[in-house]
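# Notes for the structure review
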Amino acid sequence: MASALTPDRFVAPTVTATAKIVVAGAFGVGKTTFVGSVSEVPPVHMEETITRASALVDDLDRTPGKSTTTVGVDFGRKHLGDDLVLYLFGTPGQARFRFLWDELIVGALGALVLVDPRDLDASHEILALLEEAEVAYAVAVNQFDGAPRYPLGEVHEALALEGHTPLGVCDARERASCMQALIQLTEYLARLEHRP
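In this text the structure is predicted, and so the values were computed from the model without any measurement.

## Some remarks on unusual backbone geometry
- The residue Glu134 is not glycine, and still its phi comes out positive at about 60°.
- Tracing the backbone shows Glu134 in the loop between helix 4 (124–132) and strand 6 (137–142).
- Positive phi outside glycine occurs at Ala160, with the angle close to 55°.
- Residue position: Ala160 is located in the loop between helix 5 (152–158) and strand 7 (167–170).

As structure tokens, this is what we get:
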């Protein structure tokens, strides 16, 4: 695929469709890492150093090594097959940046919601925002080192997901598992599009 791309061509000549996908989730769940893992171009990250004032607002207990935070958007691009390009928009996770959501979800075909198994409750607000905006989504549990490994049925129930909502696992650091999560989402979105 990469050989078909030249400096004057941003997507392969076989591409017939593009889709905007939002990568959402709570603070520190791995959205920036996920976008960076799958993007075929150098991802754009709008991050700033976590300051002492920010540390007083953001819960850093689960992410003690975290030194930066997204204050705008993460952006990446990925060819998914010969004819489809996904444009990935990672959202900031903190409530104080929710005003960006209205703009980021405009035109989104769907969303992939990353959840942290150490704090499933933190995902409820994100899921509610997507449902209110009527954006279809799939959920992926980001498998942090040392985090609990719950059966997916229990996670599905804890998040109060509808029966048809796809739920899987990924490791935001590993391209292959991130790609599997994106494929699960796009297959779900295709089924919704062709539903009678």
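From this point, the narrative continues.
## Some points on the packing of helix 1 (residues 31–38) against helix 6 (residues 175–193)
- Contact pair helix 1 / helix 6: the axes reach a minimum separation of 9 Å and the direction vectors enclose 95°. By the angle class used here, helix 1 and helix 6 are roughly perpendicular. Between helix 1 and helix 6, the residues in contact are Phe34, Ser37 and Val38 and Arg175, Cys178, Met179, Ala181 and Leu182, respectively.
- Here the residues of the contact of helix 1 with helix 6 sort into 6 nonpolar, 1 polar and 1 charged.

## Here's the deal with the pattern of salt bridges
- Tallied over the entire structure, the rule returns 4 salt bridges.
- In this structure, the salt-bridge partner of Glu40 is Arg77, at a minimum N-O distance of 3.1 Å. Of the two residues, Glu40 is situated in the loop between helix 1 and strand 2 (44–49) and Arg77 in strand 3 (residues 68–79); the sequence distance between them amounts to 37 residues.
- According to the relative accessible area criterion, Arg77 is buried, its value standing at 9%.
- Measuring nitrogen to oxygen at the nearest pair gives 2.9 Å for the salt bridge that ties Arg118 to Asp116.
- Overlapping salt bridges bring together Asp145, Asp171 and Arg173 as one network.

## What to know about the environment of Arg173
- Mapping Arg173 onto the fold places it in the loop between strand 7 and helix 6.
- Linking Arg173 and Gln143, residues 30 residues apart in sequence, is a C-alpha distance of 9.5 Å.
- With near-sequence residues (within four places) excluded, Arg173 lies in contact with Thr33, Ser37, Gln143 and Asp145.
- Only 3.1 Å separates the side chain of Arg173 from the side chain of Asp145, close enough to count as a polar contact.
- In terms of polar contacts, Arg173 uses its side chain to reach the side chain of Asp171, at 2.8 Å.

## Remarks on the pairing of strand 6
- Most of strand 6 is tucked away: 6 of the 6 residues are buried.
- Of the two faces of strand 6, the one holding Tyr137, Val139 and Val141 and the one holding Ala138, Ala140 and Asn142 are both buried throughout.
- Bridge count for strand 5 (residues 110–115) against strand 6 is 5 bridges, and the pairing is parallel. Considered in strand 6, the bridge of Leu112 is made with Ala138.
- The parallel pair strand 5 and strand 6 is bridged by helix 4, and the resulting crossover is right-handed.
- Pairing analysis gives 4 bridges linking strand 6 to strand 7, with the strands arranged parallel. From the neighbouring strand, Val141 faces strand 7, where its bridge partner is Val169.

## A closer look at the packing of aromatic side chains
- Counted by the stated rule, this structure contains 2 aromatic pairs.
- When the ring of Phe75 is compared with that of Tyr87, the centres are 6.1 Å apart and the planes differ by 15°; the resulting orientation is stacked. Here Phe75 is found in strand 3, whereas its partner Tyr87 is found in strand 4 (residues 84–90), with 12 residues between them in sequence.
- Here Tyr87 falls in the partly exposed class, since its relative accessible area comes to 25%.
- For the pair Phe75 and Phe89, a centre-to-centre distance of 5.1 Å together with 65° between the ring planes defines the contact as edge-to-face. Here Phe75 is found in strand 3, whereas its partner Phe89 is found in strand 4, with 14 residues between them in sequence.
- Assessed through its relative accessible area of 19%, Phe89 is described here as buried.
- An aromatic cluster is defined as three or more aromatic residues linked by ring pairs; in this entry it consists of Phe75, Tyr87 and Phe89.
- One cation-aromatic arrangement involves Lys20 over Phe89; the distance from NZ or CZ to the ring centre is 4.9 Å.

Calculation criteria
- Residues numbered from 1 in each chain as written.
- Predicted model: local features only at pLDDT ≥ 70, side-chain atom pairs only at ≥ 80, totals over all residues.
- Heavy atoms only, no water.
- Helix = DSSP H or I, 4+ residues; strand = E, 2+ residues; numbered from the N terminus.
- Axes fitted to C-alpha atoms, helices over the stretch in contact; angles between N-to-C directions.
- Parallel < 35°, antiparallel > 145°, perpendicular 65-115°, else oblique.
- Contact = heavy atoms within 4.5 Å.
- Nonpolar A, V, L, I, M, F, W, Y, C, P; charged D, E, K, R; others polar.
- Salt bridge = Lys/Arg side-chain N within 4 Å of Asp/Glu carboxyl O.
- Buried < 20%, exposed > 50% of the residue type's maximum accessible area, 1.4 Å probe, protein only.
- Polar contact = N/O pair within 3.5 Å; in protein donor to acceptor, adjacent residues only side chain to side chain.
- Pairing = 2+ DSSP bridges.
- Right-handed = clockwise from strand over helix to strand, strands pointing away.
- Phe/Tyr/Trp six-rings, centres within 6.5 Å; stacked < 30°, edge-to-face > 60°.
- Lys NZ or Arg CZ within 6 Å of the ring centre and 35° of its normal.

Interpretation note: all reported values are geometric properties and have no functional meaning in isolation.
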